[in-house]
Protein chains: 2
Amino acid sequence: MKPDPKSQERHAWRMAKKQEIMRERIANADKDQGVLLVLTGPGKGKSSSGFGMVARALGHGMKVGVVQFIKGAFSTGEEAFFRDLPNVDYHVMGEGYTWDTQDRERDVAAANAAWDIAAKMLKDDRYDLVLLDELNIALRYEYLDLDRVLDDLQNRPAMQHAVVTGRYAPKELIELADTVTEMKVVKHAFKDQGVRAQKGIEL
Amino acid sequence: MKPDPKSQERHAWRMAKKQEIMRERIANADKDQGVLLVLTGPGKGKSSSGFGMVARALGHGMKVGVVQFIKGAFSTGEEAFFRDLPNVDYHVMGEGYTWDTQDRERDVAAANAAWDIAAKMLKDDRYDLVLLDELNIALRYEYLDLDRVLDDLQNRPAMQHAVVTGRYAPKELIELADTVTEMKVVKHAFKDQGVRAQKGIEL
């Protein structure tokens, strides 16, 4: 079941709906509304920026959902910090991808199980902000159906913010998003200078 | 007392010292060490990325210092969230800059008082990470002596991480840094589309 993100019809429908939403927004520019934000590009700081927004939202007493479409099975500082806070529902995808065993079916199943949880959050207006960390990686490898992901994002509650991180955001997601930041590497100690990944900074 | 960041002599000395540090690092690439990270550029996510790193560090049980060289006097979500956590020392600069009254002397005094606190953190190896939020703005307006700032950053404890955020990072700071990310705007709901700044995302 290969996704067909280039389906013209689907794309036209989505863009028409977006145009309609934008017209409404411009008419109501003084009102609050949910924002779809994408943080992409090769530079450092995409996930940490998403988690900073989680902290900011919690500081405003908002309820937050986090789903991590992570690259590996290692436990990160942000998981340790956020996962047991009262206003946070935190889900980490299965055991991470199987870079070693290259069991694609297992990766697809794990990514889809994680998306099921994300999709529930995106239908639930009790969540003020949903962070989909490293989702772009799951899309890049076509572990998820892009149309399903875009539809669930577009149909979320009007007041809900969604933040998507990861390199290689697909252009359809960039089109759908309200705000997109691309992180550019100016230099990188970890890669350029032989410095190990550092706790608190990289992990 | 205008700073003279272009002082050739000072710059040569700093770069020589950096080269020495880099040689040591390459020789000890398997060891942990503090990283100086700069998050700059016009795109969204610089401060939130810094605060995400604060969360990550706290998740590892590290001690964190935060000094906000903020643009205004408004209270932000991240301040509400982080300021009373046990492993965080949080300082917000005076009452913000006087964009309205344009009292430059007052701004210089407020920025320097904030730097005094930052400088103490940068001399104290109990802090594992120091976040200097929007410091680049204070440097841009020459509220602070750039040489003093660079020296304090360079002379911090070897294991301490420092994270500097804000647009217009001066090139001398970029040279000194280990890792630099530039955030590029691809699109911005708030500016391009007449959408108000949103709690949890912008504030």
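It should be noted that the structure appears before, not after, this text.
If you're wondering where the values come from, they're calculated on a predicted model, not measured in any experiment. (Residues numbered from 1 in each chain as written. Chains lettered and ligands numbered in written order. Predicted model: local features only at pLDDT ≥ 70, side-chain atom pairs only at ≥ 80, totals over all residues. Heavy atoms only, no water.)

J.: How would you explain the overall build of chain A if you had to name every residue and give the values?
T.: Regarding its fold elements, chain A presents 8 helices and 6 strands. In chain A, the order of α-helices and β-strands from amino to carboxyl end is α-β-α-β-α-β-α-β-α-α-β-α-β-α. By the burial criterion, 56% of the 203 residues in chain A qualify as buried. Accessible area of chain A: about 9,000 Å², with a carbon and sulfur share of 51%. (Helix = DSSP H or I, 4+ residues; strand = E, 2+ residues; numbered from the N terminus. Buried < 20%, exposed > 50% of the residue type's maximum accessible area, 1.4 Å probe, protein only. Areas by Shrake-Rupley, 256 points an atom, 1.4 Å probe, with all protein chains shown as cover.)

J.: Any chance you could break down the packing of aromatic side chains for me, citing the residues and the numbers?
T.: In total, this model carries 13 aromatic pairs over all chains according to the counting rule given. Here the aromatic rings of phenylalanine 51 of chain A and tyrosine 90 of chain A are separated by 6.3 Å at their centres, their planes lie at 25 degrees, and the arrangement is stacked. Taken together, the residues phenylalanine 51 of chain A in helix α2 (residues 46-59) and tyrosine 90 of chain A in strand β3 (residues 88-92) connect sequence positions 39 residues apart. Here the two residues phenylalanine 51 of chain A and tyrosine 90 of chain A agree in accessibility, since each one is buried. Here phenylalanine 81 of chain B and phenylalanine 82 of chain B contribute two aromatic rings whose centre-to-centre distance is 4.9 Å and whose plane-to-plane angle is 85 degrees, an arrangement assigned as edge-to-face. For the pair shown, phenylalanine 81 of chain B and phenylalanine 82 of chain B are each scored as buried. Taken together through their ring pairs, the aromatic side chains of Phe51, Phe81, Phe82 and Tyr90 of chain A together with Phe51, Phe81, Phe82 and Tyr90 of chain B make up a single cluster. (Phe/Tyr/Trp six-rings, centres within 6.5 Å; stacked < 30°, edge-to-face > 60°.)

J.: Break down the pattern of salt bridges for me, with residues and values.
T.: All names here are of chain A. Counted according to the given criterion, the structure contains 18 salt bridges over all chains. Of the charged contacts, one joins lysine 171 and glutamate 172 as a salt bridge, the two residues approaching to 3.5 Å between their closest N and O atoms. Note on lysine 171: relative accessible area 53%, which makes it exposed. What makes glutamate 172 buried here is its relative accessible area of 7%. Each of Asp116, Lys123, Arg148 and Asp152 takes part in a single network of salt bridges with overlapping partners. (Salt bridge = Lys/Arg side-chain N within 4 Å of Asp/Glu carboxyl O.)

J.: Let's hear about the environment of lysine 46 of chain A: which residues, and what values?
T.: Residues and elements named next belong to chain A. Locating lysine 46 in the fold gives a position in helix α2. Overall, lysine 46 belongs to the buried group, its relative accessible area being 11%. The sequence separation of lysine 46 and glutamate 134 amounts to 88 residues, and the corresponding C-alpha distance is 8.8 Å. Aside from chain neighbours lying at most four places away, what touches lysine 46 is Leu39, Thr40, Gly41, Thr165, Gly166, Arg167 and Met183. (Contact = heavy atoms within 4.5 Å.)

J.: Let's hear about the nonpolar core: which residues, and what values?
T.: Residues Phe82 of chain A together with Phe82 of chain B are the most contacted members of the largest nonpolar core, which totals 44 residues. The contact partners of phenylalanine 82 of chain A, leaving out residues within four places of it in the chain, are Phe51, Val54, Ala55, Leu58, Val88 and Tyr90 of chain A together with Ala55 and Phe81 of chain B. (Core = buried A, V, L, I, M, F, W, Y, C linked by side-chain atoms within 4.5 Å.)

J.: For the side chain of aspartate 107 of chain A, give the residues involved together with the corresponding values.
T.: Residues and elements named next belong to chain A. Residue placement: aspartate 107 occurs in helix α4 (residues 104-121). Buried charge aspartate 107 goes without a salt bridge, the closest partner of opposite sign being arginine 106 at 5.0 Å. At 3.1 Å, the side chain of aspartate 107 forms a polar contact with the side chain of tyrosine 143. (Lys, Arg positive; Asp, Glu negative; His and termini not counted. Polar contact = N/O pair within 3.5 Å; in protein donor to acceptor, adjacent residues only side chain to side chain.)

J.: Let's hear about the sheet that holds strand β6 (residues 179-187) of chain A: which residues, and what values?
T.: Reading across the sheet, the 12 strands line up as β3(A)-β2(A)-β4(A)-β5(A)-β1(A)-β6(A)-β6(B)-β1(B)-β5(B)-β4(B)-β2(B)-β3(B) and stay open at both edges, with mixed pairing between neighbours. Among the strands making up the open sheet, the edge pair consists of β3 of chain A together with β3 (88-92) of chain B. Shown here is a sheet whose adjacent strand axes are inclined to one another by a mean of 15 degrees, direction ignored. When strand β2 (residues 64-68) of chain A meets strand β4 (residues 129-133) of chain A, the two strands line up parallel, connected through 5 bridges. Looking across to β4 of chain A, one finds that glycine 65 of chain A is bridged to valine 130 of chain A. Contacts from helix α2 (residues 46-59) of chain B reach β1 (36-40), β2 (64-68), β3, β4 (129-133), β5 (161-165) and β6 (179-187) of chain B, with the element oriented near 160 degrees to β4 of chain B. (Pairing = 2+ DSSP bridges. Axes fitted to C-alpha atoms, helices over the stretch in contact; angles between N-to-C directions.)

J.: Tell me what's going on with the side chain of aspartate 133 of chain B, and back it up with residues and numbers.
T.: Turning to its location among the elements, aspartate 133 of chain B is positioned in strand β4. Here aspartate 133 of chain B is buried and forms no salt bridge, its nearest opposite-charge partner arginine 56 of chain A lying at an N-O distance of 6.7 Å. Reaching out from aspartate 133 of chain B, the side chain makes a polar contact with the side chain of glutamine 68 of chain B at a distance of 3.1 Å. Every residue in contact with aspartate 133 of chain B, bar those within four places of it in the chain, is listed here: Ser47, Phe51, Val67, Gln68, Phe69 and Thr165 of chain B.

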